[in-house]
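What the coordinates show
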Amino acid sequence: MRRRPLLLEPTFLASIVVVLILPVVLPSVAMATEALIFVIASLGCTLLLGYVGLLSFGQAIFFGVGAYACGLALIHLGASAWGGLLAAAVISLAAGLVVGGLVTQRRGIYFVMLTLACSQMFYFIAYAMEDITGGDNGLLNVPRPPLLVFETTLLTLRTPMSFYTFAAIVFLCIYLFLQRLVSSPFGSALVAVRENEDRALAMGYNTRLFKIAAFAISAVVTGIAGALYALFLNFAPLSNIEVSMGERIIIMTILGGTGSLFGSVLGGTFYVLLGNLLSAIWPRWLLVLGLILIVVASYLRGGLLSGVNWIVEKGRGWGILRSFAVRAWSATFRIRTPPRAQP
Amino acid sequence: MNLYLIQVFNGLGIGMIYFLIAVGLTIIFGIMNFVNFAHGAFYLLGAYACYAIADLTGNFWLALVLGPVAVGIGGWLGERYFLSRLYRVPHMYQILVTLGLALVIQEMAVLIWGPIGKPIAPPEVFRGVMIFGNFAYPKYRLFLIGFTAILALALWLLLERTRYGAVLRAGTESTEMVSLLGINIFRVYSMTFALGAFLAGLAGVLAAPIRGAEPFMGPDALVIAFVVVVVGGLGSFAGALVGGIVVGIVQSVMSSFWSEGANIMIYVAMALVILLRPHGLLGRA
């Protein structure tokens, strides 16, 4: 089968469309930026959950570490915005390798429990290192320097739209990278680990190394999201590294659906929109979120992605135009079987 | 020296509470092969049940009896009519559904009792300290250690010396075989789930006079229970007991050396156990 050119990958084109319409459709550009940031965090989680079948409750580690690394690089080293992202990527890579090396010692449910425990450990470390992270108060006054390319100002990052553009560029680059990664032989090996780890092992793949690699890549992606969040807020709160942040990232990933990277785009956007709208009306909106999670995990295992797919399937045969749209849609967002639990 | 002795005793008391939470988690996992992320929420419900009953009647002992029973019945109903539908689905979705359930319970607690924690006084008899020579120790904590030790013994007898315990242990080996022998395995599931919920609720009630009732205590308790289970080895009673006491004592003793770091040390201990003995101190390979 001939591979489509990467840039013409339908879900990538759809992501470009989403990036263009988000600031128009959502109530504010700031909300669109927040949505994109969480979409990036969720992409990291989709790589692990959808492709390797690893349910990690530790994504908050990398989100928080990325935010701190970026903030500290900007405050103490006077780094540029790119430098901040780079610092976040490097430090989260290191954290990802350490945590990944530890948690992949065990499989299945133990893996899940270990990620949760590691997440709590990093929270307490961040809390205890008050001199560096600001402890409970968070890391304050993270600057937002203008974005330079070869000495010329590309984006000032002063206005919401300018910062949104920056986030959108980062998001599209990461999306392309992950799209390329999952369609490579490396991506196929990850899926093999998900489907049957023992068989992949028997075929000569060092599955643990593949899992650590996926964990580290996911950490970098999530760390960059954290860095953007720190730049966005001008502040890196302690809540970034709380266990509940990891739960949030998992919940939005599941809501979107883990069958394709595009699920993250749906899930992250939906979560941020829902969260902002509901929390404005009712402070206990997490109650609603819990109920939604129960319903999705019980009845709609493919997430929103499969919901959209189902609606489109029902529309089959309503005229040539419709069916063309349907074909295009289902060719684009065909759902793979949801990841299986490990034995 | 006295200070460390006191911290060891404190750790023993807290560790026994961790044991009660973890042992429920571990027996539920043992037979149903299912990790219950709402287990911390049962602990939370126990603490609030204690607050509600003690507030209403002014009697801690009534709360100690009724609170865990109420949580146990809640767990039984939840398993029977809701969670039992999930046995066929992959683990991941069971985790997510119970995570959703935990969120719902937590937010309900905030709605009913407000976001600020409630203090709970220890019972009249056990207020104040007991003096042993030049060594003073809170009476309630002594009661806690004694009571939980008796409880652990009773639980051990239940698991090792009764028919239900035999079925439960057999079910941990092979549920299929047990049901082929003519035992209604689904009833055992419900019973076990109710027992686990009861024990978590009991832990909540017992911890309430020390730590109060606070709506966000559930996830912390859950994570600690995971650490206990990872340190001790999942699926074993003794593992939960050893793990609970080790974690409790590490946390307490470290808090007198380095108070901010006490919580970190628990996880360092866990990481060491994982690296040196991946299946836990008492776990089977």
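Only a predicted model underlies this, so the values are computations on that prediction, with no experimental measurement involved. (Residues numbered from 1 in each chain as written. Chains lettered and ligands numbered in written order. Predicted model: local features only at pLDDT ≥ 70, side-chain atom pairs only at ≥ 80, totals over all residues. Heavy atoms only, no water.)

1. Observations concerning the interface of chain B and chain A
Facing 41 residues of chain B, the contacting portion of chain A comprises 38 residues. Taken together, the two surfaces of chain B and chain A that pack against each other cover about 3,900 Å², and 81% of this comes from carbon and sulfur. Counting across the chain B and chain A interface gives 1 salt bridge. Notably, a salt bridge pairs B:Glu107 with A:Arg284, separated by 2.4 Å at the nearest N-O pair. Applying the counting rule to chain B against chain A returns 2 residue pairs in polar contact (both at pLDDT 80 or more). Within the residue set of the side of chain B that touches chain A, elements represented by two or more residues are α4 (91-113), α9 (217-232) and α11 (262-276) of chain B. By residue number, the principal contributor to the side of chain B that touches chain A is α4(B), which donates 15 residues. Within the side of chain B that touches chain A, the residues separate by chemical class into 33 nonpolar, 5 polar and 3 charged. (Contact = heavy atoms within 4.5 Å. Buried area = accessible area lost by both parts, 1.4 Å probe. Salt bridge = Lys/Arg side-chain N within 4 Å of Asp/Glu carboxyl O. Polar contact = N/O pair within 3.5 Å; in protein donor to acceptor, adjacent residues only side chain to side chain. Helix = DSSP H or I, 4+ residues; strand = E, 2+ residues; numbered from the N terminus. Nonpolar A, V, L, I, M, F, W, Y, C, P; charged D, E, K, R; others polar.)

2. A short note on the packing of helix α5 (residues 139-161) of chain B against helix α6 (residues 163-173) of chain B
Residues and elements named next belong to chain B. Between α5 and α6, the least distance of the axes is 5 Å, while the angle of their chain directions is 70°. It follows that α5 is roughly perpendicular to α6 by the angle criterion. Listed contacts from α6 to Leu-158, Leu-159, Glu-160 and Arg-161 of α5 are Arg-163, Tyr-164, Gly-165, Ala-166, Leu-168 and Arg-169. For the contact of α5 with α6, a count of residues per class yields 5 nonpolar, 1 polar and 4 charged. (Axes fitted to C-alpha atoms, helices over the stretch in contact; angles between N-to-C directions. Parallel < 35°, antiparallel > 145°, perpendicular 65-115°, else oblique.)

3. Some details on a nonpolar patch on the surface
Residues and elements named next belong to chain B. The grouping of Leu-62, Val-65, Leu-66, Val-69, Ile-73, Trp-76, Leu-77 and Tyr-81 at the surface amounts to a nonpolar patch, some 720 Å² of accessible area in total. Within the secondary structure layout, Val-65 lies in helix α3 (residues 60-81). The class for Val-65 is exposed, based on a relative accessible area of 52%. (Patch = residues over 30% accessible without salt bridge, like charges linked within 9 Å, V, L, I, M, F, W, Y side chains within 5 Å. Areas by Shrake-Rupley, 256 points an atom, 1.4 Å probe, with all protein chains shown as cover. Buried < 20%, exposed > 50% of the residue type's maximum accessible area, 1.4 Å probe, protein only.)

4. As for α11(B)
In an α-helix, one turn spans 3.6 residues; hence positions three or four apart end up facing the same way. For α11(B), spanning 15 residues, the distance from its first C-alpha to its last is 21 Å, which sits close to the expected 21 Å at 1.5 Å a residue. All of the buried residues along α11(B) are B:Ala262, B:Ile264, B:Ile266, B:Tyr267, B:Met270, B:Ala271, B:Val273 and B:Ile274. Its buried side turned inward, α11(B) meets α4 (81-103) and α5 (108-128) of chain A together with α9 and α10 (237-257) of chain B. (Expected span 1.5 Å × (residues − 1).)

5. What to know about a negative patch on the surface
A cluster of like negative charges, contributed by A:Glu130, A:Asp131, A:Asp136 and B:Glu260, occupies part of the molecular surface. Checked against the element boundaries, A:Glu130 lands in helix α6 (residues 130-133). (Lys, Arg positive; Asp, Glu negative; His and termini not counted. Charge placed at Lys NZ, Arg CZ, Asp CG, Glu CD.)

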